[in-house]
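Residues per chain are reported as follows:
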Amino acid sequence: RAIQAIQAPVNTTMGAVALNAGGLLVDHGWLRVLGAGHQRLPGSLLDWNGLGQTRAWRTVSGALVVAWDVIGGVFAVNGGGLPGPEGLMSYYAPDHHRWVETGFGYTSFLDWCAEGDLAGFYNHLRWADWEEDVLALRGDQAIHLWPQPWMISPFDPDGVARRVVAADALPELVFTGRPPQLDEFPN
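Residues numbered from 1 in each chain as written. Predicted model: local features only at pLDDT ≥ 70, side-chain atom pairs only at ≥ 80, totals over all residues. Heavy atoms only, no water.

It is worth spelling out the overall build of the protein at this point. Broken down by element type, the protein carries 7 helices and 8 strands. Expressed as a percentage of contacts within the protein between residues at least 6 apart in sequence, the contacts between residues at least 24 apart total 45%. Element-wise, carbon and sulfur atoms account for 49% of the exposed surface of the protein, whose accessible area totals about 9100 Å². (Helix = DSSP H or I, 4+ residues; strand = E, 2+ residues; numbered from the N terminus. Contact = heavy atoms within 4.5 Å. Areas by Shrake-Rupley, 256 points an atom, 1.4 Å probe, with all protein chains shown as cover.)

A few words now on the sheet that holds strand E1 (residues 23-26). The antiparallel open sheet is built from 6 strands, whose spatial order is E1-E2-E3-E4-E5-E6. In the strand order of this sheet, the two ends are held by E1 and strand E6 (98-101), each with one partner. The mean angle between the axes of side-by-side strands here comes to 25°, regardless of whether they run parallel or antiparallel. Pairing geometry for E1 and strand E2 (residues 31-34), over 4 bridges, is antiparallel. Each bridged residue has a counterpart across the sheet, and for Val26 the counterpart in E2 is Leu31. Seen against the sheet, helix H4 (residues 106-115) touches E1, E2, strand E3 (63-69), strand E4 (74-78) and strand E5 (89-93) and runs at an angle of roughly 145° to E2. (Pairing = 2+ DSSP bridges. Axes fitted to C-alpha atoms, helices over the stretch in contact; angles between N-to-C directions.)

Turning our eyes to something else, we now look at the packing of helix H2 (residues 13-20) against H4. With their axes 8 Å apart at the nearest point, H2 and H4 run at an angle of 65° to one another. Residues Thr13, Met14 and Val17 of H2 pack against Tyr106, Thr107 and Leu110 of H4. Split into classes, the residues belonging to the contact of H2 with H4 amount to 4 nonpolar, 2 polar and no charged. (Nonpolar A, V, L, I, M, F, W, Y, C, P; charged D, E, K, R; others polar.)

Below, the discussion takes up the pattern of salt bridges. Taken as a whole, this structure holds 3 salt bridges when the rule is applied. We note a salt bridge from Arg126 to Asp27, for which the minimum N-O separation is 2.4 Å. On the criterion of sequence distance, the pair formed by Arg126 in the loop between helix H5 (118-122) and helix H6 (130-135) and Asp27 in the loop between E1 and E2 is long-range, its members being 99 residues apart. The buried category is assigned to Arg126, whose relative accessible area is 9%. Using a relative accessible area of 23% as the deciding quantity, one classes Asp27 as partly exposed. Residue Asp140 is joined to Arg138 by a salt bridge in which the shortest nitrogen-to-oxygen separation is 3.0 Å. We classify Arg138 as partly exposed; its relative accessible area is 40%. (Salt bridge = Lys/Arg side-chain N within 4 Å of Asp/Glu carboxyl O. Buried < 20%, exposed > 50% of the residue type's maximum accessible area, 1.4 Å probe, protein only.)

Below, the discussion takes up the side chain of Asn78. One can find Asn78 in strand E4. On the basis of relative accessibility, which here comes to 2%, the residue Asn78 falls in the buried class. Here the side chain of Asn78 touches Gly80 through a polar contact of 2.7 Å, landing on its backbone nitrogen. Of note is the side chain of Asn78, whose polar atom sits 2.9 Å from the backbone oxygen of Leu82. With near-sequence residues (within four places) excluded, Asn78 lies in contact with Gly62, Ala63, Pro83, Gly84, Pro85, Glu86, Gly87 and Leu88. (Polar contact = N/O pair within 3.5 Å; in protein donor to acceptor, adjacent residues only side chain to side chain.)

Core analysis: the biggest nonpolar cluster contains 56 residues, and Leu31, Val66, Phe75, Phe109 and Trp112 have the highest contact counts within it. For this core, the leading source of residues is E3, giving 6 residues. Once residues within four sequence positions are removed from consideration, Leu31 is found in contact with Leu24, Leu25, Val26, Ala67, Trp68, Asp69, Phe75, Phe109, Trp112, Cys113, Leu118 and Tyr122. (Core = buried A, V, L, I, M, F, W, Y, C linked by side-chain atoms within 4.5 Å.)

Dropping the structure here:
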C-alpha cells in the first residue's frame with residue numbers, strides 16, 4: 001500500500017524503504033525515517049501524509065514527509081510547497097519554527113543519516129543525557145521540549161522541561177507552539 005500511495009518504483013531508494021522496512025531508527029532513535037509502518041514504530045509514510053485510512057499525523061501541503069526527529073523536526077521531499085527546488089528535501093527546524101532547504105534528495109538524505117554529521121547538526125538541540133532518554137522511548141513516543149527551541153534565545157537544551165508525549169501528538173505541539181495537554185502524554 002505504501003508503494004502505491006507514494007507512487008515510488010521499487011527500484012528507487014524510497015520505493016525500497018517503503019517496500020522493505022517498517023521504518024528506520026537512526027542515531028539511537030533520535031531520527032525516524034518513515035517506511036510502511038510497524039507495530040514497534042507506528043506512523044508510516046501513509047499516516048504522516050494522509051494517504052491511508054488512518055488520520056494524518058501531519059500532512060504538509062506540496063510535500064511528502066519522509067522522516068521526523070524525536071523533538072519534532074520534520075524532513076519532507078519538496079513537491080512545490082516548501083522552500084527550495086522540487087524533489088529536494090526541506091527540514092522543519094524546531095529551533096527556527098520554519099522550513100529550511102537541505103540541498104539533498106532522498107537518497108543523499110539516507111546517506112547523511114548513515115554517515116553524515118548528525119551530532120553536529122543536532123548538537124545545539126541535545127541535552128547532556130539525551131541518548132538515555134531517547135533509548136528509553138517506545139516507537140510511539142517522542143519528547144516535547146518546553147519552552148520550545150524557537151521561543152528562547154539562546155536556547156539551552158539542558159535548561160528546558162522535557163516530557164515524553166505520544167508521537168502522533170508531537171507535530172501539532174511543535175507546529176502550533178502550544179504546551180501539551182494531559183491526554184497527549186502516553187500511558
